[in-house]
Structures are given as C-alpha cells and as structure tokens.
Amino acid sequence: MTESFTGKIWVLDDDIDTDIIIPTDYLALKSVDDMKPYAFSPLRPELAGQITPGDIIVGGKNFGCGSSREQAPEVIKALGIKCIIARSFARIFFRNSINNGLLLIECDALHDEVKEGDTIEVTPGTVIKANGKEYTIASLPDNLMEIINAGGLVKAMRKRNGLS
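Residues numbered from 1 in each chain as written. Predicted model: local features only at pLDDT ≥ 70, side-chain atom pairs only at ≥ 80, totals over all residues. Heavy atoms only, no water.

### Quick notes on the overall build of the protein chain
Thought 1: From N to C terminus, the protein chain includes 7 helices and 7 strands.
Thought 2: Ordered by position in the sequence, the α and β elements of the protein chain form the string β-α-α-α-β-α-β-α-β-β-β-β-α-α.
Thought 3: Computed over the C-alpha atoms, the radius of gyration of the protein chain is 15 Å, within 12% of the 15 Å expected from 2.2 N^0.38 for a compact globule of 164 residues.
Thought 4: Projected onto its principal axes, the C-alpha coordinates of the protein chain cover approximately 45 × 40 × 25 Å.
Thought 5: Taken over 164 residues, the protein chain has a buried fraction of 46%.
Thought 6: Contacts spanning at least 24 positions in sequence make up 67% of the contacts within the protein chain whose residues lie at least 6 apart.
Thought 7: On the protein chain, roughly 8000 Å² of surface is accessible, and the fraction owed to carbon and sulfur atoms is 49%. (Helix = DSSP H or I, 4+ residues; strand = E, 2+ residues; numbered from the N terminus. Rg over C-alpha atoms; globule rule 2.2 N^0.38 Å. Buried < 20%, exposed > 50% of the residue type's maximum accessible area, 1.4 Å probe, protein only. Contact = heavy atoms within 4.5 Å. Areas by Shrake-Rupley, 256 points an atom, 1.4 Å probe, with all protein chains shown as cover.)

Next up, the structure:
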C-alpha cells in the first residue's frame with residue numbers, strides 16, 4: 001500500500017477504548033455488519049452513520065486501550081475507515097488491527113493541527129499532508145504491510161500458501 005490516498009477526517013481524543021469503539025452490549029449481534037451502527041455510540045451516537053468509506057480517524061494517545069476484543073478493529077474496518085492516525089495505540093489493538101487488515105499510523109503532531117472534516121493525503125510509510133504541512137511518518141515492516149495489503153492475516157497466509 002504505497003499508493004497515496006485522501007480522506008475526510010474524524011477527530012477523536014485520547015484514550016478511546018474498545019468499549020467506546022464497540023460497547024459490550026452489541027457484541028452478541030450476529031455479525032460485524034450488525035454491530036456497525038453502534039460503533040462509537042457511547043461517545044458520539046451519530047458518528048457511525050456519518051462515516052463514509054475512505055474516511056480517516058485521527059486520534060490522540062492510547063487509541064484502542066481496554067479489552068482485547070477483536071471486534072473493535074473489525075467494526076472500524078467494516079465502517080470503511082481507510083486508516084487510523086493517532087499519537088499512540090494500545091499494543092493489543094495495534095496487533096488486532098494489523099491482523100484484520102486495518103492500517104494504523106503513529107503521528108504525534110497531526111492531532112493538534114487538523115480539525116474534523118479536513119481532507120488529508122496519506123502516503124503510507126512516507127508522509128501525511130494536511131493543511132499545507134507535511135508530517136513524516138515511519139514505515140511499517142514489510143511483513144505487516146503484506147498483511148494489511150492482503151486484507152488481514154488469514155488472507156495473507158492463504159495468499160502466501162497459494163490457497164487464494
């Protein structure tokens with residue numbers, strides 16, 4: 001995923017935990033698609049309905065903290081979020097996101113430089129362009145990008161083993 005992409009951003013603050021991303025009450029629903037309307041509902045009940053495919057979340061520090069529920073990155077990906085850019089991520093959320101093919105980017109400065117509704121351009125592993133400024137970002141290791149580009153760990157392993 002070295003191609004650049006643009007998207008409208010949604011700004012969230014620090015410590016967005018997995019209970020905010022998808023509350024426990026909705027984990028019993030049959031599918032992630034059934035859960036989508038309830039994403040972020042404790043924080044902003046209207047948000048899931050406003051997100052459109054290709055949008056980008058810009059978060060503060062410790063995004064994805066809390067329990068290690070895999071449904072949190074799954075529901076974000078199902079909403080069509082292209083990537084999440086945050087100051088920092090909870091480590092288990094980071095790995096669950098990669099395993100589900102959701103791109104995460106750490107960028108400390110971006111959160112304070114953008115506002116909700118701005119459009120930004122992202123070149124994974126290289127740079128984020130927002131409001132006339134450029135923010136250099138680190139690249140993920142090739143093995144993690146292979147998983148993201150395949151759409152998740154299972155798909156990457158199926159592809160690697162000639163099963164897809």
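Alright, that's what it looks like, and here's the rest.
### Observations concerning the nonpolar core
Thought 1: Counting 53 residues, the largest nonpolar core has Phe40, Phe63, Ile76 and Ile85 as the members making the most contacts within it.
Thought 2: With sequence-adjacent residues up to four places away left out, Ile76 is seen in contact with Ile21, Phe40, Ile57, Phe63, Ile81, Ile84, Phe93 and Leu102. (Core = buried A, V, L, I, M, F, W, Y, C linked by side-chain atoms within 4.5 Å.)

### Comments concerning unusual backbone geometry
Thought 1: Of note, Asp15 is a non-glycine position whose phi angle comes to about 60 degrees, a positive value.
Thought 2: Take Asp15: it is sitting in the loop between strand E1 (5–11) and helix H1 (18–21).
Thought 3: The phi dihedral of Asn62 is positive, around 65 degrees, even though this residue is not glycine.
Thought 4: Position of Asn62 relative to the elements: it lies in the loop between strand E2 (56–59) and helix H4 (71–78).

### Brief notes about the pairing of strand E4 (residues 103–106)
Thought 1: Across 4 bridges, strand E3 (residues 83–86) lies against E4 in parallel orientation. Paired with Ala86 across the bridge in E4 is Glu106.
Thought 2: Note on the crossover from E3 through helix H5 (residues 91–99) to E4: the handedness is right-handed. (Pairing = 2+ DSSP bridges. Right-handed = clockwise from strand over helix to strand, strands pointing away.)

### Some words on the sheet that holds E4
Thought 1: Pairing is mixed across the open sheet formed by 7 strands, whose spatial order is E4-E3-E2-E1-E5-E6-E7. Sheet topology places E4 and strand E7 (133–136) at the edges, where each strand pairs with a single neighbour. Strand-to-strand twist of the sheet, defined as the mean angle between neighbouring strand axes without regard to direction, takes the value 30 degrees.
Thought 2: Across 3 bridges, strand E5 (residues 119–123) lies against strand E6 (residues 127–130) in antiparallel orientation. (Axes fitted to C-alpha atoms, helices over the stretch in contact; angles between N-to-C directions.)

### Considerations on the side chain of Arg44
Thought 1: By the secondary structure assignment, Arg44 is in the loop between helix H2 (32–35) and helix H3 (47–50).
Thought 2: If we ignore the near neighbours within four places in the chain, the residues touching Arg44 are Trp10, Val11, Leu12, Gln50 and Glu116.

### Observations concerning the pairing of E1
Thought 1: Counting buried positions along E1 gives 5 out of 7 residues, so the element sits mostly inside the fold.
Thought 2: Relative to E5, E1 is paired through 4 bridges, and the arrangement is antiparallel. When the sheet's bridge partners are listed, Lys8 is paired in E5 with Thr119.
Thought 3: Pairing of E1 with E2, which is carried by 3 bridges, proceeds in the parallel orientation. Bridging across to E2, Trp10 finds its partner in Ile57.

### Quick word on the packing of aromatic side chains
When we look at a pair of aromatic rings, we describe it by the centre distance and by the angle of the planes.
Thought 1: Under the definition given, this model contains 5 aromatic pairs.
Thought 2: Residues Tyr26 and Tyr38 carry aromatic rings whose centres are separated by 4.0 Å and whose planes lie at 5 degrees to one another, so their mutual orientation is stacked. Here Tyr26 is found in the loop between H1 and H2, whereas its partner Tyr38 is found in the loop between H2 and H3, with 12 residues between them in sequence.
Thought 3: Residue classification places Tyr26 among the partly exposed residues on the basis of a relative accessible area of 24%.
Thought 4: Ring geometry for Phe63 versus Phe89: centroids 6.1 Å apart, planes at 70 degrees, classification edge-to-face. In this pair, Phe63 sits in the loop between E2 and H4 while Phe89 sits in the loop between E3 and H5, placing the two residues 26 residues apart along the sequence. (Phe/Tyr/Trp six-rings, centres within 6.5 Å; stacked < 30°, edge-to-face > 60°.)

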